[in-house]
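Here are the chains, one letter per residue:
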Amino acid sequence: MKLNITFTLALTACSAFALSPTRHTTSSIASSRNAARHNQPAFNVRPTALGDASTELLTKRQSQSGTALHSSAAAIATTRDNSNAMQTRGGADEKSSGIDVPLMVYFALWYLGNYYYNISNKLALKATGGAAGFPMTISALQLGIGSLYGIFLWLAPDARKKPTVTMDDIIKMLPVAFCYAGAHSASVFSFSAGSVSFGQIVKAAEPAFAAVLSQFVYNKPVSRAKWMCLPIVIGGVILASVNELDFAWSALLSACLANVFAAVRGNENKKVMETEGLKDRLGSIGNQFCITSILGFLLSIPFVILTGEGKKFGEFVTAFKTIPALRSNMIASALFFYGYNELSTATLKKTSAVTQSVANTAKRVIVIVGVAMVLGESLDFMKLLGCGIGIGGVFLYSIIDNFVKPKEE
């Protein structure tokens, strides 16, 4: 029942984003469907039952969603070459109205991939004892497994063209990959130390960290209107923390650290992509994400060693072999993480800035509420109120400059 409620929320939100001017031909939609039908998924994880009926249902849903998620990712790669046949929605200029079904599907799979990643990731962490177990090892291996999937697409016939990047390009991408690995490792540790819903609420405050870094580190001034939104975001996070049953300082601080890494990564990525000819050598968004994942996996290994988990790697291998919940959920979470990140990047590039802000806001709400319901996490009034205020502040931060234009000097 809880899963059905969440699924309904996701589809409702996605259908709203897909309401857009359309001039789709039947052939363009059919080409997308045919691409999805002929590109078989590279994985089909079927987690072993974890001991109760609800978990068995969850793992079955994970397997089904994993297949759909990666089939759609392959379809997106094919339809990108036929962009003249399929027009971008969420900002198009055509006059007629309708529903962009392919875009609605992309949004739905992005949301579901994110949703199931958070659940399977939490179950894998719980299977090894949470924060006291192997959070850094699990986060590193998630990047490693995702990288293998990306490499497979390079090797598979007609799946994805290999990039032609140089060693100099790789070196320039290292700061981005380091921040990517840091953000992921810190996020996973936060989820292991506290509830997923609380970690997601704190991570929603990323714009506050991005604003400070942009203003004082990268010398990119933030408008006064945006600064006025930040107290709303921070206040919402504080309010959500007041009665948090699973509150832990380690969860709060690591989620904040993840925000710092994510904000730096965004700024560094913009600098790297300004390199002349790099976009052409990368070839696609998928190639860029795969290279970042490979480098991120290699750079996350020191995190495993420095936290002392490297000394216990033998114990982790034993647990991986003997605990089905760890094995199945770690593999599933790795593939969901890789799939939804690549899918979200491709999807957001097809929409306008305002649509992106609404989509990200709706995604956070669905994930926070849906995951909390499934995992039995607390959702008291104060937490929901703080969540609503914080996420509302983030949404306002994202769109405020469209309505309050900065004064020209």
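Residues numbered from 1 in each chain as written. Predicted model: local features only at pLDDT ≥ 70, side-chain atom pairs only at ≥ 80, totals over all residues. Heavy atoms only, no water.

K.L.:
I tried to follow the nonpolar core on my own but got confused; where do I start?
P.N.:
Generally speaking, a soluble globular protein has its nonpolar side chains buried in company with each other. Counting 60 residues, the largest nonpolar core has Trp110, Tyr111, Ile291, Leu326, Met330 and Val371 as its most contacted members. For this core, the secondary structure elements donating two or more residues are α4 (101-127), α5 (135-155), α6 (167-193), α11 (278-282), α12 (285-306), α13 (313-322), α14 (324-348) and α15 (353-375). With 14 residues, α4 is the single largest residue contributor to this core. Sequence-distant contacts of methionine 330, defined by excluding residues within four places in its chain, comprise Ala124, Ile138, Leu141, Gln142, Ile145, Phe316 and Phe320. (Core = buried A, V, L, I, M, F, W, Y, C linked by side-chain atoms within 4.5 Å. Buried < 20%, exposed > 50% of the residue type's maximum accessible area, 1.4 Å probe, protein only. Helix = DSSP H or I, 4+ residues; strand = E, 2+ residues; numbered from the N terminus. Contact = heavy atoms within 4.5 Å.)

K.L.:
Help me understand the confidence of the model for the chain, please; the structure alone is not making it clear to me.
P.N.:
Detailed reading of predicted coordinates is not advised where the pLDDT is low. The share of residues in the chain with pLDDT of 70 or more is 72%, and the mean pLDDT across the chain is 77. Confidence, read as mean pLDDT per element, is least for strand β1 (residues 19-21) in the chain (42) and greatest for α5 (95). Low confidence marks residues 71-97, where pLDDT is under 50. Its contacts with residues over four positions away, or in another chain, come to 56 contacts. (pLDDT = per-residue confidence, 0-100.)

K.L.:
Mind showing me how you'd approach the packing of aromatic side chains here?
P.N.:
The description of an aromatic ring pair rests on the distance of the ring centres and on the angle between the ring planes. Counted by the stated rule, this structure contains 18 aromatic pairs. Taking the centre distance of 5.8 Å and the plane angle of 75 degrees together, the rings of tyrosine 180 and phenylalanine 289 count as edge-to-face. Highlighted residues: tyrosine 180 in helix α6 and phenylalanine 289 in helix α12, separated in sequence by 109 residues. Neither tyrosine 180 nor phenylalanine 289 differs from the other in exposure class; each is buried. The ring of tyrosine 397 has lysine 226 lying over it, and the distance from NZ or CZ to the ring centre is 4.2 Å. Positioned above the aromatic ring of phenylalanine 134, the side-chain terminus of lysine 312 is 5.1 Å from the ring centre. (Phe/Tyr/Trp six-rings, centres within 6.5 Å; stacked < 30°, edge-to-face > 60°. Lys NZ or Arg CZ within 6 Å of the ring centre and 35° of its normal.)

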